Amino acid sequence: MSVRPGLTDYASLEYVDESKILATYPDPEKAYVEEIMPAKLELNLKYIDEQGFLTDIRIILKTIGKIVR
């Protein structure tokens, strides 16, 4: 709860094609709960450890890069 939700984050960048990733599993719901969600939580913890203005700028720039690509 120490981080307010935003428009983008590490998890959004890493799992931009989440539906395609989940489509490769025989049980997408199980894969999400057992693999994707824990990985996203780890990325959120990474942000908490690294949070700051420059980190936010890097994430924004990476997001823009993903959009225009």
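This text follows the structure it describes.
What counts, and at which threshold
Along each chain, the written sequence defines residue order, and numbers are assigned to residues from 1. Totals for whole chains, interfaces and linings use every residue, but because this is a predicted model, local features are given only for residues with pLDDT of at least 70 and side-chain atom pairs only at 80 or more, for both listing and counting. Hydrogens and water are ignored here; the side-chain numbers use all heavy atoms of the structure. What goes into a patch is any residue over 30% in relative accessible area without a salt bridge, connected to like charges within 9 Å or, for nonpolar side chains (Val, Leu, Ile, Met, Phe, Trp, Tyr), within 5 Å. Computed with a 1.4 Å probe, the accessible areas rest on the Shrake-Rupley method; for each residue, only the protein chains presented here act as cover. By convention in these notes, a salt bridge is any Lys or Arg side-chain nitrogen within 4 Å of a carboxyl oxygen on Asp or Glu. Burial status follows relative accessibility: with a 1.4 Å probe on protein chains alone, a residue under 20% of its type maximum counts as buried, one over 50% as exposed, and anything between as partly exposed. Aromatic contacts are taken between Phe, Tyr and Trp rings whose centres are within 6.5 Å, Trp giving its six-membered ring; a plane angle under 30 degrees counts as stacked, one over 60 as edge-to-face, and the others as tilted. Runs of H or I in DSSP of at least four residues are treated as helices and runs of E of at least two as strands, each being numbered from the N terminus. As a reminder, the over-ring test applies to NZ of lysine and CZ of arginine, requiring each to be within 6 Å of the ring centre and within 35 degrees of the ring normal.

*Asks:* For this particular structure, what's the right way to read a nonpolar patch on the surface?
*Replies:* On the surface, F53, L54, I57, I60, L61, I64, I67 and V68 cluster together into a nonpolar patch covering about 850 Å² of accessible area. I57 sits in the partly exposed class, given a relative accessible area of 33%.

*Asks:* Would you mind going over the packing of aromatic side chains with me for this structure?
*Replies:* To describe a pair of aromatic rings, you give the distance between the ring centres and the angle between the ring planes. Tallied over the full model, the rule gives one aromatic pair. Taken together, a centroid distance of 6.4 Å and an interplanar angle of 65° make the contact between Y10 and Y47 edge-to-face. One end of the pair, Y10, is in helix α1 (residues 10-14); the other, Y47, is in helix α3 (residues 28-50), with 37 residues separating them in the sequence. Taking the relative accessible area as the measure of exposure, Y10 reaches 12% and is therefore buried. Exposure remark for Y47: the relative accessible area of 15% places this residue in the buried category. Sitting over the face of the ring of Y10, K46 holds its NZ or CZ atom 4.5 Å from the ring centroid.

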